Amino acid sequence: MNTGYLDLANGFFVLAPKGGSNIKSIQNITISIGSSTQIDITITPVDISKTIVIPTNGISANALGPAMIRGRLTSNTNFQVNRFGTDAATVSFQIIEFKNVKSLQSGTTTLTSGSLTRNLTVSSFNLTNSMLFFSYDQPTYNPGAGVLITGVKNTTTQLVFTRATTTAVGTA
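Residues numbered from 1 in each chain as written. Predicted model: local features only at pLDDT ≥ 70, side-chain atom pairs only at ≥ 80, totals over all residues. Heavy atoms only, no water.

A. Spatial organisation of the overall build of the chain. When helices and strands are counted, the chain shows zero helices and 13 strands. Scanning the chain from its N terminus toward the C terminus, one meets helices and strands in the order β-β-β-β-β-β-β-β-β-β-β-β-β. Expressed as a percentage of its 172 residues, the buried residues of the chain come to 33%. For the chain, restricting intrachain contacts to residue pairs at least 6 apart in sequence, the fraction spanning at least 24 positions comes to 70%. Surface exposure of the chain reaches about 9,800 Å², of which carbon and sulfur atoms provide 53%. (Helix = DSSP H or I, 4+ residues; strand = E, 2+ residues; numbered from the N terminus. Buried < 20%, exposed > 50% of the residue type's maximum accessible area, 1.4 Å probe, protein only. Contact = heavy atoms within 4.5 Å. Areas by Shrake-Rupley, 256 points an atom, 1.4 Å probe, with all protein chains shown as cover.)

Put into structure tokens, the structure is as follows:
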């Protein structure tokens, strides 16, 4: 049985597992943002305890504009986009709801001005069989100001978010 294919012309691999899919629904959201700092969008209802949000694309007149945009579910029918700055941007997210989820944790944390790292304690999880998805916003477009925030699974109860500079506040 064929379980996937390699598209050499476009440089990607598509996996189609034999056992079927654990995905219940996928909502693709594309948002054009003018000067707004927050936009709320009504979506088809999802079970938040089984749903993740993945940023998939960002286009902006300012190259760093899309990096300053955070998307999150605030209810089972509301998707919220927050951002700093006023450059026009078009961004895309996938909202993926699964049929069965062993554990899903979500929340927000802030790297305050003056800090490079934020250690976040969470409920215990399996390091090998888990993935970290996050998006973030930060109130600066200064290309050398460490706008990129990285996140890693450090231990079975700790996530670590890091950036290159301490000069601004960032929220993941």
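B. Summary view of the nonpolar core. Core analysis: the biggest nonpolar cluster contains 15 residues, and Ile31 and Phe79 have the highest contact counts within it. For this core, the element with the most residues is strand β8 (residues 89–98), which contributes four residues. Ignoring anything within four residues of it in the chain, the contact list for Phe79 reads Ile29, Ile31, Ile39, Asp40, Ile41, Ile43, Val53, Gly71, Arg72, Leu73, Phe93 and Ile95. Of all hydrophobic cores here, the second largest spans seven residues; its members include Leu111, Phe125, Tyr136 and Leu159. (Core = buried A, V, L, I, M, F, W, Y, C linked by side-chain atoms within 4.5 Å.)

C. A look at the sheet that holds strand β10 (residues 117–121). Strand order in the open sheet formed by three strands is β10-β12-β11, with antiparallel pairing between adjacent strands. A strand with exactly one partner marks an edge of an open sheet, and here the two such strands are β10 and β11 (150–155). Here the average twist between neighbouring strands, direction ignored, is 25°. Note: β10 against strand β12 (residues 158–162), five bridges, orientation antiparallel. Residue Thr117 lies in a different strand from β12, and its bridge partner there is Thr162. (Pairing = 2+ DSSP bridges. Axes fitted to C-alpha atoms, helices over the stretch in contact; angles between N-to-C directions.)

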